[in-house]
Amino acid sequence: MNRQEEIKARIQDFAEKLATHSKTWWIGDHMKKYNISESTAKKDLKRAKPIAAKIGDQIFEIQFAKWKESLKQR
């Protein structure tokens, strides 16, 4: 994997953690996992937030669809 792909994968991972773990995934955890500096982790956070929002929206849509389906089955 080249450097650019590595960064993209790292940011995608951060976004998924932000979207699914809420406040349990912090910059410190990201720094430790990838052995990066705090400033790099903060840059990743800025890039990951919009991606995390999209993932969060997708999760909400899936949960909402499941809820609507459960209402139909009653």
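A few points on the structure. (Residues numbered from 1 in each chain as written. Predicted model: local features only at pLDDT ≥ 70, side-chain atom pairs only at ≥ 80, totals over all residues. Heavy atoms only, no water.)

**Notes on the side chain of Arg-10**
On the secondary structure map, Arg-10 appears in helix α1 (residues 3-21). If we skip the residues at most four places from it in the chain, Arg-10 touches Arg-3, His-30, Tyr-34, Ile-36, Thr-40 and Asp-44. (Helix = DSSP H or I, 4+ residues; strand = E, 2+ residues; numbered from the N terminus. Contact = heavy atoms within 4.5 Å.)

**Describing the packing of aromatic side chains**
On inspection of all chains with the given rule, the structure shows 2 aromatic pairs. Consider the rings of Phe-60 and Phe-64, whose centres lie 5.9 Å apart with planes at 20°: the pair is stacked. Placement of both Phe-60 and Phe-64 in helix α3 (residues 38-72) is noted, with a separation of 4 residues, approximately one turn of the helix. Aromatic rings pair up to connect Phe-60, Phe-64 and Trp-67 into one cluster. (Phe/Tyr/Trp six-rings, centres within 6.5 Å; stacked < 30°, edge-to-face > 60°.)

**Topic: the pattern of salt bridges**
Per the counting criterion, the structure on display carries 5 salt bridges. Across the salt bridge formed by Lys-17 and Asp-13, the nearest N and O atoms sit 3.0 Å from each other. Highlighted residues: Lys-17 and Asp-13, both in helix α1, separated by 4 residues, approximately one helical turn. Relative accessible area serves as the criterion here: at 19%, Lys-17 is assigned to the buried category. You can call Asp-13 buried: its relative accessible area is 12%. Several salt bridges converge on common partners, so that one network encompasses Asp-13, Lys-17 and Lys-33. (Salt bridge = Lys/Arg side-chain N within 4 Å of Asp/Glu carboxyl O. Buried < 20%, exposed > 50% of the residue type's maximum accessible area, 1.4 Å probe, protein only.)

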